[in-house]
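Each chain, written out:
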Amino acid sequence: MIETRQIIKSSRAAMVAWGLFCFFACMLTSCTEEDDTANEYENWQSRNETYFTQRYKEAQDSIAAGNRNWKLIRVYSKVSDDICSPTDYVIAHVISQATPHDEWDGSYASENPEYTDSVQIHYRGRLMPSASYADGFQFDSSWIGDYNLQTMIPANMKLSSFIVGMSSSLMQMHVGDRWQLCIPYKLGYNTSSTTNVPAYSTLNFDVTLMAIGKPGKALPVVR
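Residues numbered from 1 in each chain as written. Predicted model: local features only at pLDDT ≥ 70, side-chain atom pairs only at ≥ 80, totals over all residues. Heavy atoms only, no water.

A look at the environment of alanine 218
Among the structural elements, alanine 218 can be located in the segment after β9 (203-213). Sequence separation of alanine 218 and asparagine 156 is 62 residues, and the distance between their C-alpha atoms is 10.0 Å. (Helix = DSSP H or I, 4+ residues; strand = E, 2+ residues; numbered from the N terminus.)

Take a look at the structure:
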């Protein structure tokens, strides 16, 4: 009888020990995951400011060298006489552009969108490159998989609904243009965060403008 009780006590002790082991193992795993997440965005503001400054300098140098595939788009709220800093600009790399309607004078068949217009676009947004994401974490996209205009379905949106850096850039594009944008956090979500975007994030977008809809005029039907 005594021997049986001792076996039961030993079994209970073993179960308690195993339970404590599992508990601390889970706690350790949880802390590790949180630490990894924290490290991913460590010094995030400083890193993003450095990243954008480097990209801005590269764009400036390319433009100075006569490369027409780079543009610096000033935020629409600034006029020509305003004193601007680099973070008042979006860096635009032209991947492809609409063919001018008249090659002689450079005029385009389509006009630029205005702030009151709606637009039909393809877009993909990423953060700056980080430890876990060499190309930058993808936080939003209107398409899945590879870029293919034959299979992608565009999104219809009001231009005024975009962050200021995106709307400022779209107002300089023509239908058919595909640009890669680098938007400083001050023209993005600034010091706020969203579900997938930490505060102080530089935003990199791949954008193609497909159509412009004037107020009261419907955009083409999305298939």
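Some thoughts on the nonpolar core
Ranked by size, the top nonpolar core spans 38 residues in total, and within it Met166, Leu170, Leu181, Ile183, Phe205 and Val207 carry the most contacts. Elements that contribute at least two residues to this core include exactly α2 (44-64), β1 (70-74), β2 (89-96), β5 (118-126), α3 (164-170), β8 (178-183) and β9. Setting aside residues up to four positions removed in sequence, valine 207 forms contacts with Ile121, His122, Tyr123, Met166, Leu170, Met173, Asp177, Arg178, Trp179 and Leu181. (Core = buried A, V, L, I, M, F, W, Y, C linked by side-chain atoms within 4.5 Å. Buried < 20%, exposed > 50% of the residue type's maximum accessible area, 1.4 Å probe, protein only. Contact = heavy atoms within 4.5 Å.)

Some points on the packing of aromatic side chains
Enumeration over the complete set of coordinates arrives at 8 aromatic pairs. Measuring from centroid to centroid gives 6.3 Å for tyrosine 56 and tyrosine 89, while their planes differ by 50°, and the two rings are tilted. Remark: tyrosine 89 occurs in strand β2 and tyrosine 56 occurs in helix α2; sequence separation between them is 33 residues. By relative accessible area, tyrosine 89 is classed as buried at 17%. Ring geometry for tryptophan 143 versus tyrosine 147: centroids 5.5 Å apart, planes at 80°, classification edge-to-face. What links up through ring pairs into an aromatic cluster is the set Phe52, Tyr56 and Tyr89. In this structure, arginine 178 is placed above the aromatic ring of tyrosine 147, and the distance from its NZ or CZ to the ring centre is 3.6 Å. (Phe/Tyr/Trp six-rings, centres within 6.5 Å; stacked < 30°, edge-to-face > 60°. Lys NZ or Arg CZ within 6 Å of the ring centre and 35° of its normal.)

Everything listed here is a matter of coordinates, which is why it stays silent on function.
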